[in-house]
Amino acid sequence: MADNVTLTIDGQTVTVAAGTTILEAAASIGIEIPVFCNHPKLEPIGACRQCLVEVEGQPKPIASCCTPAAEGMIVHTKTPSVRQMWEANIEFLLINHPLDCPICDRGGECPLQNNTFAYGPRDSRFDYTKRRYKKPVRLSDRILLDRERCIQCFRCVRFQKEIADEPDIQMFSRGYYDYIDTAPGKEFESQFSGNTIELCPVGALTSAVFRFKARPWEIQSTESVCVNCGVGCNIRIDARNYREVVRFLSRENPEVDDGWLCDKGRFDSLFINDKNRLQAPLIRKDGRLVETSWDEALETAVKIMKDAGGRSAGLISPKLTNEAAYLFSKLMREFGAVGCDWNLERASADAAVKTAEAFSEGLFDGAIKDITSSTLLIVYGSDISSELPVMDLWIKKAVRRNGAELVLIGCESSKLAKYAKTVMPENIESVVKAIESSKSSERVLIMVSQRLVELSPYGVEILDSLKEIARSRQPKVMMLACASNSIGMLETGAVWGKPGSEIKKSILDGNIKALWVAGESDKYAESLARVDALIVQDMFLTKTAEVANIVLPGSSFAETSGTIINTERRVQCINPAIRKLRGTLTDVEIFARAAVKTGLNTISQTSEDVFKELTQTANSFAEITLDKIGARGVRLEAKR
Amino acid sequence: MKHVLFRKRVTVEYPEVRRKLPPRARWRHVLKRHEDGLERCIGCSLCAGACPAHCIHVVAEENKDGARFSPGERYAKIYEINELRCIFCGYCQDACPVEAVVLTDKLDFASYSRENAIYTKEMLLEPYPASDESVS
């Protein structure tokens, strides 16, 4: 079979790779063919019959989405009969469509609406009563289904089957009575269910969270990055009036998320709009927390930390930006703190130092995209399905479509276990064994949990062994990040001094007099409550904040600008989608102001300036500029 | 003299007496109801989208059993018009798919503060049951 075929579409000659469909060939030369069921990432199915075209020599019109282009084919899309077919098909689809566009969440960004305006009939000839169903049908807490609007394109069903491999929803019945449903008594449990909302070409599958929140033309969209896990999926934050975040959509980055987003990222960050968010700094006076000014709060905070000096420490959330982490670390050094860390479980400081070395030596050179080009995937010590959900889709793609071999080391309860060829006990020898016993070990990708390498007591051993394996067998190695910017914490130098576990021990022994907790303060609530003077920076009055001396209201990632580093060491920008809540400051602003009060007058005040400073001080950032990061991000490079 | 004293008066004693306005007069908005008292407005925001002066603010909410405001799934929880900003073009009335928002011949807009010129949903809604004063 020839590699390329040449065909003629509407008089234009085009050469495409063999196997390309007529629809794709037409799209490549800018000829639009309306279609509902086809999606570039799903297998063609030809369910909607909207993309019919005429091919010379063929007695009947053919569906262009599932017909491969052939040599010498002459295709027509502009003849009156093709246009009439398109119009008739839309008229058919609209017979059963309720036309409740004014109250439909999809109205305004709806492919059916758009194609009706572009190719559909002017009027309806349908005089009868439309079919009526109970609406909406609840498929899960997150997904609601409007059966009247469904046009049976199968996109949702195919996504769940082909991409997520969690076929929770199916098309039941036949023909006119077709309807989408879950298995009896079951819910739409898939953790990727939200993608079906975006795939749905009508408003049949709608988000329970976004329902009736805003119309598409009232929305301001901002390109950002999800901070719920280490994958760093690119997202679009949609806000209304620059004040309320209404939804998160995926924004395709073919190297990171492949266009998908997990439900955690899509639905679980709307606490940003919560009415209980802190809106003024609080200070403890006579045993009670009372509102105060930023000046007083920060002055007191700085004084507490300075007084404690060598008996103070800093704990930062690994979700904060590089810029915030850099300033925080600088601030803690100025106070003379015993240490600064993002995790109170870290066993030793050596592993962190060694990991940073390994970064600069280029040990961790694996990229997310390497998953699909590898023949052997080794996942060591991390349950990817729950910790880095979108990478679970990448691995499924590699195993199911490319036939890659998957070996899980530890994490036998992972959902990925059913795709694994073997599940091995959790130790570093298993990695060597896995490579040796595999028949397809030409291109190996080792994915190792950051928790094991950086936080566990065996971190140094694991790193040494990994280096040895890297030297002798040339695999790619990727670190599976614990949090959205846990790798950035190391890169920006926010981990130093006493390791987390020793800070924790000192707290419990009563040796830490003052502790600054920046973000996620509910994490170690029990230990933190033992500190004498606690400075808590959080969005909410958490349990830890309730016992703090000073509470600083921080802002969410949707109000902040900055950069974060994902699991494949890609630096990506997060951008503010809404105005800062009144009375709050971003983390960078808080640290910068505190630094000025400490006497560090030369400190950079804005996130952009801090980033510039980072590029000058941190080696790995040397070549990077905000322009280079752009919308897709750029990976930190190190020569191996 | 004769022209001034004996000509028929052209002024009326407003507000006791009101002049009949032309049938297509476009003044204050009213949110209409169905005959059974349910609100016509479905909170679709199309009026706000059509408004060239951006003076309409709509926040929609879902009708629930026991708290039903309009016939379908959706109703307007907040519906506000800033009548100071309104240019009375009538696009909102044109855009409305359910004939809920209508410009009437009411034109008493005077108020002592700017805030009072923002008409809330309660002020705009047609009274139910209809009283004698309600607009025809």
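Everything below is about the structure printed above this text.
Residues numbered from 1 in each chain as written. Chains lettered and ligands numbered in written order. Predicted model: local features only at pLDDT ≥ 70, side-chain atom pairs only at ≥ 80, totals over all residues. Heavy atoms only, no water.

Here we look at the overall build of chain B
Consideration 1: Of the regular secondary structure elements, chain B holds four helices and five strands.
Consideration 2: For chain B, the α and β elements follow one another from N to C terminus as α-β-α-β-β-α-β-β-α.
Consideration 3: Computed over the C-alpha atoms, the radius of gyration of chain B is 18 Å, more than 25% above the 14 Å expected from 2.2 N^0.38 for a compact globule of 136 residues.
Consideration 4: C-alpha atoms of chain B, sized along the principal axes, occupy 70 × 30 × 30 Å.
Consideration 5: When burial is assessed residue by residue, chain B has 36% of its 136 residues classed as buried. (Helix = DSSP H or I, 4+ residues; strand = E, 2+ residues; numbered from the N terminus. Rg over C-alpha atoms; globule rule 2.2 N^0.38 Å. Buried < 20%, exposed > 50% of the residue type's maximum accessible area, 1.4 Å probe, protein only.)

Some thoughts on the packing of aromatic side chains
The geometry of an aromatic ring pair is captured by two quantities: the separation of the ring centres and the angle between the planes.
All names here are of chain A.
Consideration 1: Counted by the stated rule, this structure contains 18 aromatic pairs over all chains.
Consideration 2: With 5.8 Å between their ring centres and 25 degrees between their planes, Phe 172 and Tyr 179 make a pair best called stacked.
Consideration 3: Classification of Phe 172 as partly exposed rests on a relative accessible area of 29%.
Consideration 4: Between Phe 611 and Phe 621 the ring centres are 6.1 Å apart and the planes differ by 85 degrees, which places this aromatic pair in the edge-to-face class. Of this pair, Phe 611 sits in helix α21 (residues 607-617) while Phe 621 sits in the loop between α21 and α22 (626-629), and the two are 10 residues apart along the sequence.
Consideration 5: A relative accessible area of 0% means that Phe 621 is categorised as buried.
Consideration 6: By the ring-pair criterion, three or more aromatic residues cluster together here, those being Phe 328, Phe 335, Trp 516 and Phe 591.
Consideration 7: Positioned over the ring face of Phe 210 is Arg 247, at 4.4 Å from the centre of the ring.
Consideration 8: Seen from the ring of Trp 496, Arg 333 lies directly overhead, with NZ or CZ sitting 4.3 Å from the centre. (Phe/Tyr/Trp six-rings, centres within 6.5 Å; stacked < 30°, edge-to-face > 60°. Lys NZ or Arg CZ within 6 Å of the ring centre and 35° of its normal.)

Considering the sheet that holds strand β27 (residues 562-565) of chain A
Residue and element names in this part refer to chain A.
Consideration 1: Within the open sheet, the three strands sit side by side as β27-β28-β29. Their pairing is antiparallel. Across the chains shown, the open sheet's two edge strands, defined by having one partner strand only, are β27 and β29 (634-635).
Consideration 2: Where β27 and strand β28 (residues 570-574) come together, four bridges link them in antiparallel fashion. The partner of Ile 565 across the bridge, within β28, is Val 571. (Pairing = 2+ DSSP bridges.)

Examining the packing of helix α9 (residues 349-361) of chain A against helix α15 (residues 459-473) of chain A
All names here are of chain A.
Consideration 1: The interhelical angle for the contact between α9 and α15, taken along N-to-C directions, is 25 degrees, at an axis separation of 9 Å. In terms of orientation, α9 lies roughly parallel with respect to α15. Relative to α15, the crossing made by α9 is left-handed. Along its contact with α9, which presents Asp 350, Ala 351, Lys 354, Thr 355, Ala 358 and Glu 361, the element α15 presents Gly 459, Val 460, Leu 463, Asp 464 and Lys 467.
Consideration 2: Among the residues forming the contact of α9 with α15, the class breakdown is four nonpolar, two polar and five charged. (Axes fitted to C-alpha atoms, helices over the stretch in contact; angles between N-to-C directions. Parallel < 35°, antiparallel > 145°, perpendicular 65-115°, else oblique. Left-handed = near helix turned anticlockwise from the far one by under 90°. Contact = heavy atoms within 4.5 Å. Nonpolar A, V, L, I, M, F, W, Y, C, P; charged D, E, K, R; others polar.)

With respect to the interface of chain A and chain B
Consideration 1: Taken together, the contact between chain A and chain B spans 15 residues of the former and 14 residues of the latter.
Consideration 2: Interface of chain A and chain B: buried area, both sides summed, is about 1,100 Å²; carbon and sulfur atoms make up 54% of it.
Consideration 3: When the buried area of chain A at its contact with chain B is split by residue, Pro102(A), Ile103(A) and Phe212(A) rank highest and sum to 46% of it.
Consideration 4: A salt bridge links Arg211(A) to Glu62(B); its shortest N-O distance comes to 2.8 Å.
Consideration 5: Where chain A packs against chain B, one counts five residue pairs in polar contact (both at pLDDT 80 or more).
Consideration 6: When its residues are assigned to classes, the side of chain A that touches chain B shows five nonpolar, one polar and nine charged. (Buried area = accessible area lost by both parts, 1.4 Å probe. Salt bridge = Lys/Arg side-chain N within 4 Å of Asp/Glu carboxyl O. Polar contact = N/O pair within 3.5 Å; in protein donor to acceptor, adjacent residues only side chain to side chain.)

What about the environment of His39(A)?
All names here are of chain A.
Consideration 1: Counting through the fold element by element, His 39 comes out in the loop between α1 (22-28) and β3 (52-55).
Consideration 2: Taking relative accessible area as the criterion, His 39 reaches 17% and is therefore assigned buried.
Consideration 3: Distance in space between the C-alpha atoms of His 39 and Cys 65 is 9.1 Å, their sequence separation being 26 residues.
Consideration 4: Apart from residues lying up to four places away in sequence, His 39 is in contact with Arg 155, Arg 158, Leu 199 and Trp 260.

Points about the layout of surface pockets
Leftover empty space is mapped by rolling, across the atoms, a probe with the size of a water molecule.
Consideration 1: In this structure, the largest pocket encloses a volume near 1,000 Å³.
Consideration 2: As for the largest pocket, its lining consists of 32 residues, and the residues nearest its centre are Lys213(A), Arg243(A), Glu244(A), Asn273(A) and Lys275(A).
Consideration 3: When residues of the lining of the largest pocket are traced back to their parent elements, those giving at least two are β13 (244-250) of chain A together with β2 (56-62) and β3 (74-82) of chain B.
Consideration 4: The biggest single contributor to the lining of the largest pocket is β2(B), with five residues.
Consideration 5: For the lining of the largest pocket, a count of residues per class yields 12 nonpolar, four polar and 16 charged. (1 Å grid on protein atoms, 1.4 Å probe; cavity = no way out; pocket = protein on both sides within 12 Å on 5 of 7 lines; lining within 4 Å. Points joined across faces, edges and corners; volume = space filled by probe spheres on them.)

Thoughts on the sheet that holds strand β10 (residues 205-207) of chain A
Residue and element names in this part refer to chain A.
Consideration 1: As summarised here, the arrangement of the three strands in space is β6-β7-β10, forming an open sheet in which the pairing is antiparallel. One side of each edge strand has no neighbouring strand; the edge strands of this open sheet are β6 (137-138) and β10.
Consideration 2: Pairing of strand β7 (residues 143-145) with β10 involves three bridges; the strand directions are antiparallel. Bridge pairing links Leu 145 to Leu 205 in β10.

Examining unusual backbone geometry
Residues and elements named next belong to chain B.
Consideration 1: With omega at 5 degrees, the peptide bond leading from Tyr 14 into Pro 15 counts as cis.
Consideration 2: Tracing the backbone through its elements, the reader meets Pro 15 in the loop between α1 (2-6) and β1 (29-31).
Consideration 3: For the bond running from Tyr 128 to Pro 129, omega is -5 degrees, close enough to zero to count as cis.
Consideration 4: Tracing the backbone through its elements, the reader meets Pro 129 in the segment after α4 (121-124).

Points about the state of the cysteines
Consideration 1: Evaluated as defined, the whole model comprises zero disulfides over all chains.
Consideration 2: In this structure Cys65(A) is a free cysteine whose sulfur lies 3.7 Å from that of Cys51(A), the closest cysteine sulfur available.
Consideration 3: The exposure class of Cys65(A) is buried, given its relative accessible area of 1%.
Consideration 4: The thiol sulfur of Cys44(B) is not disulfide-bonded, and the nearest other cysteine sulfur, from Cys47(B), lies at 6.1 Å.
Consideration 5: For Cys44(B), a relative accessible area of 7% corresponds to the buried category. (Disulfide = S-S within 2.5 Å.)

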